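Residue-level structure breakdown
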Amino acid sequence: MCVTCGCYDDADSTITNLDRGKLEYNHHEHTHSLADGTAITHGHDDNHYEVSHVHAKIHRTTISLEEDILAKNNLIAAQNRGWFKGRNILALNLMSSPGSGKTTLLTRTINDLNSQLPISVIEGDQETVNDAQKIKETGCKVVQINTGTGCHLEASMIDRSLQQLNPPLNSVVMIENVGNLVCPALFDLGEQAKVVILSVTEGEDKPIKYPHMFRASDIMIITKIDLLPYVQFDVQKCIDYALQVNPLIQIFQVSAITGRGLESWYGWLSLRVAQLSIPASF
């Protein structure tokens, strides 16, 4: 999976279609012997993408073998993007730290728009199908990816998940990434837009502490604004920081509990849907 960010620890990823059960996303290792007798072990998943960085220290000599796994990821992401485009599907990559309210916002969005727009979900977590089960209760199609010790989703995982999800033409696919403000920003999944979600229960300085995430995102959604009277969170300072990092980022302030601000988020969705010629009326 990801040696670029150092998160991988020989864990297998799994994809679960809640209607069909668990599918293995296997990782296996094998060993090559070099001419001088050095043994180098590395791994492949089922699609044969090699682990990117292998070090072997023999007689004070370091042998470093590197591959550009981001280039391989980007190739599959481009294929995913073409797949979405050919089916008039708007794919969004939802990213945040754990506990920001991604799933709550997602379920509220699905419930509010289910009569106007088909929405399917790819749910990413290290373990459990808890969030996928919450999504399924809305009635929408959902596939769970469990990454084990992995800290983000990758394009190949989305490719495999789409085979199980089979979203309809003229629809939206929401990809809920693993909770992490670092690595998900590095990996293109083939989405049309990246959406970073930040709750008022976090620090307003997150955009300047994790600038790459906010620089890579098209949208920032500040959630849980119903809690503003009870927390110390400077909304304007957070907005200023985000614009400092990314002057083009669009910002929405919402509460998935009270519904405040959701009309702006839905309006943005409506515009992007219209740009893909997806029939919708919000």
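Here the structure is a predicted model, which is why all the values come from computation and not from measurement.

Within the chain, the regular secondary structure consists of eight helices and 13 strands. Residues classed as buried in the chain amount to 51% of the 282 residues present. Counting only contacts in the chain whose residues sit at least 6 apart along the sequence, the fraction spanning at least 24 positions is 65%. As displayed, the chain offers around 13,000 Å² of accessible surface, 48% of which is attributable to carbon and sulfur atoms.

This part covers the packing of aromatic side chains. Counted according to the given criterion, the structure contains two aromatic pairs. Centre to centre, the rings of Trp83 and Phe84 are 5.8 Å apart; their planes meet at 80°, and the pair counts as edge-to-face. Judged by relative accessible area, which is 23%, Trp83 ranks as partly exposed. Ring geometry for Trp265 and Trp268: centres 5.8 Å apart, planes at 10°, overall stacked.

Turning to helix α1 (residues 69-86), a few remarks are in order. The terminal C-alpha atoms of α1 lie 26 Å apart, and with 18 residues this matches the ideal 26 Å at 1.5 Å per residue to within 8%. Looking at α1, one finds that the buried residues are Ile69, Asn73, Ile76, Ala77, Asn80 and Phe84. Seen from one end, α1 has its buried residues packed into an arc of 110°, which puts them on one side. Residues Leu75, Gln79, Lys85 and Gly86 are exposed on α1 and point more than 90 degrees away from its buried face. Those residues of α1 that are buried are in contact with β7 (89-96), α4 (155-165) and β10 (171-176).

An α-helix turns once per 3.6 residues; consequently, residues spaced three or four apart project the same way. Helix length check: helix α2 (residues 102-113) (twelve residues) gives 16 Å between terminal C-alpha atoms against 16 Å at 1.5 Å per residue, within 8%. When we look at burial in α2, the residues that qualify are Lys102, Thr103, Leu105, Leu106, Thr107, Thr109, Ile110 and Leu113.

The next subject is the layout of surface pockets. Each pocket or cavity is described by its volume, and for the largest pocket that value is around 220 Å³. In terms of lining residues, the largest pocket is bounded by 18 residues, among which Gly99, Lys102, Thr103, Asp131 and Glu176 are the most central. Those elements giving two or more residues to the lining of the largest pocket turn out to be α2, β8 (119-125) and α3 (130-136). Residue composition of the lining of the largest pocket, grouped by class: two nonpolar, ten polar and six charged. The computed volume of the second largest pocket comes to approximately 150 Å³. Around the second largest pocket, the lining residues are Asn17, Leu18, Asp19, Arg20, Lys136, Gly139, Cys140, Lys141, Val142, Val143, Gln164 and Leu165. Residue composition of the lining of the second largest pocket, by class: five nonpolar, three polar and four charged.

Our focus in this paragraph is the pattern of salt bridges. Within this structure, the stated rule accounts for four salt bridges. As a salt-bridge pair, Asp112 and Arg108 come within 2.9 Å of each other at their nearest N and O atoms. Residue Asp112 and its partner Arg108 are located together in helix α2, separated by four residues, close to a single helical turn. Between Glu191 and Lys194 there is a salt bridge, and its shortest N-O distance comes to 2.4 Å.

Along the chain, Gly124 turns up in strand β8. Along the backbone, Gly124 and Ile175 are 51 residues apart, and their C-alpha atoms lie at a distance of 7.5 Å. Gly124 has contacts with Gln144, Ile145, Leu153, Glu176, Asn177 and Val178, leaving out every residue within four places of it along the chain.

As a further point, take the nonpolar core. Counting 31 residues, the largest nonpolar core has Leu92, Val121, Met174, Ile221, Trp265 and Leu269 as the members making the most contacts within it. If you list the elements that add at least two residues to this core, you get β7, α2, β8, α3, β10, β11 (193-199), β12 (219-223) and α8 (262-275). Looking at this core, the element that brings in the most residues is α8, giving six residues. Discounting residues that sit within four places of it in the chain, Ile221 has contacts with Leu105, Val195, Val196, Ile197, Leu198, Phe252, Val254 and Trp265. Core analysis: the second largest hydrophobic core is formed by 18 residues, Met220, Ile225, Phe233 and Cys238 among them.

Before going further, it helps to examine the pairing of β10. Burial runs high along β10: six of the six residues are buried. Here β10 shows no split at all, with Ser171, Val173 and Ile175 on one side and Val172, Met174 and Glu176 on the other all buried. Relative to β10, β7 runs parallel, the two sharing six bridges. Bridge pairing links Leu94 to Glu176 in β10.

Rules used throughout
- Residues numbered from 1 in each chain as written.
- Predicted model: local features only at pLDDT ≥ 70, side-chain atom pairs only at ≥ 80, totals over all residues.
- Heavy atoms only, no water.
- Helix = DSSP H or I, 4+ residues; strand = E, 2+ residues; numbered from the N terminus.
- Buried < 20%, exposed > 50% of the residue type's maximum accessible area, 1.4 Å probe, protein only.
- Contact = heavy atoms within 4.5 Å.
- Areas by Shrake-Rupley, 256 points an atom, 1.4 Å probe, with all protein chains shown as cover.
- Phe/Tyr/Trp six-rings, centres within 6.5 Å; stacked < 30°, edge-to-face > 60°.
- Expected span 1.5 Å × (residues − 1).
- Arc of directions from axis to C-beta.
- 1 Å grid on protein atoms, 1.4 Å probe; cavity = no way out; pocket = protein on both sides within 12 Å on 5 of 7 lines; lining within 4 Å.
- Points joined across faces, edges and corners; volume = space filled by probe spheres on them.
- Nonpolar A, V, L, I, M, F, W, Y, C, P; charged D, E, K, R; others polar.
- Salt bridge = Lys/Arg side-chain N within 4 Å of Asp/Glu carboxyl O.
- Core = buried A, V, L, I, M, F, W, Y, C linked by side-chain atoms within 4.5 Å.
- Pairing = 2+ DSSP bridges.

Any functional reading would require information beyond the geometric quantities listed.
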